[in-house]
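Here are the chains, one letter per residue:
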Amino acid sequence: GIEIVNNSDGNIEVYNVFESTPADRAGLQIGDIITSVNSLNLEGKNSSVFSIYVGDGEVRTTYEIGVRRGEETFTLSLTKEHIIIPSVFKEVFTSGDKKIGYLQVTILSATTYHQFATMLEELEEEKIDGLIIDVRGNSGGRLDAVANMMSLFLDSSHIIYQTDTKGDIEKFYSKGSETKTYPITVLVDANSASASEILAAT
């Protein structure tokens with residue numbers, strides 16, 4: 001129920017807390033520093049260490065989260081739950097005789113692609129003339145979500161991203177069957193990072 005980033009001190013900081021989730025109910029707040037989880041010390045660790053630990057598929061259901069908030073340190077107990085975080089929001093704007101669709105993507109989670117695909121279809125049913133995709137403040141997330149989202153706009157001749165492993169370059173192509181012809185604008189800011197940057201670059 002949270003988004004985390006590594007801050008300028010190299011510690012894991014809570015970037016966002018989603019409403020009505022275990023993290024929200026336990027009292028985690030934006031700006032909190034996560035110092036530990038159960039017996040694992042997280043001081044100075046990359047945020048992925050925390051993500052892997054809590055999402056590793058093991059049977060752990062409760063977590064003791066060490067928190068530093070200002071000068072105060074304390075522990076919060078969280079119980080794991082399956083949650084679906086609303087991560088895509090849509091609107092339609094009218095400019096003259098044109099309809100402009102708007103999709104805000106706040107995070108790239110396991111459920112983002114399906115939300116995005118559903119809302120894009122709804123916008124296209126309204127006969128939009130163009131589309132704005134807003135990933136301002138989006139700190140990233142799942143690369144497969146981005147690849148699937150971009151496949152909605154590009155046919156299979158287009159490269160979504162490529163990796164370079166010691167000079168061995170592997171290209172990952174769109175799985176789409178058509179390339180959209182309406183204009184698309186992507187909005188970013190200084191907090192658009194990781195997978196959301198790939199979305200913008202594509």
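All of these numbers come straight from a predicted model, not from anything done at the bench. (Residues numbered from 1 in each chain as written. Predicted model: local features only at pLDDT ≥ 70, side-chain atom pairs only at ≥ 80, totals over all residues. Heavy atoms only, no water.)

J.: Help me understand the side chain of S109 in this model?
T.: Position of S109 among the secondary structure elements: in the loop between strand 8 (98–105) and helix 3 (112–125). Once residues within four sequence positions are removed from consideration, S109 is found in contact with S87, R142 and A145. (Helix = DSSP H or I, 4+ residues; strand = E, 2+ residues; numbered from the N terminus. Contact = heavy atoms within 4.5 Å.)

J.: I'm lost on the nonpolar core in this one. Help?
T.: The tendency in soluble globular proteins is for nonpolar side chains to be buried side by side. One finds L103, V105, F116, L131, I133 and F153 to be the most contacted residues of the largest nonpolar core, which totals 24 residues. Among the secondary structure elements, those contributing two or more residues to this core are strand 8, helix 3, strand 9 (130–134), helix 4 (143–150), strand 10 (159–165) and helix 5 (195–201). Considering every element that reaches this core, the biggest residue donor is helix 4, with 5 residues. With near-sequence residues (within four places) excluded, L103 lies in contact with V88, F89, K90, F116, M119, L120, L123, L131, I132, I133 and D134. I34, V37, L42 and Y63 belong to the second largest nonpolar core, which has 16 residues in total. (Core = buried A, V, L, I, M, F, W, Y, C linked by side-chain atoms within 4.5 Å. Buried < 20%, exposed > 50% of the residue type's maximum accessible area, 1.4 Å probe, protein only.)

J.: Please explain the packing of helix 3 against helix 4 as it appears in this structure.
T.: Each pair of packed helices gets described by two things: the angle between the helix axes and the distance between those axes. The N-to-C vectors of helix 3 and helix 4 enclose an angle of 20 degrees; their axes lie 9 Å apart at closest approach. In terms of their interaxial angle, helix 3 and helix 4 are classed as roughly parallel. Of the two possible hands of crossing, helix 3 and helix 4 adopt the one that is right-handed. Counted together, T112, Y113 and F116 of helix 3 and A145, N148 and M149 of helix 4 form the full contact between these two elements. (Axes fitted to C-alpha atoms, helices over the stretch in contact; angles between N-to-C directions. Parallel < 35°, antiparallel > 145°, perpendicular 65-115°, else oblique. Left-handed = near helix turned anticlockwise from the far one by under 90°.)

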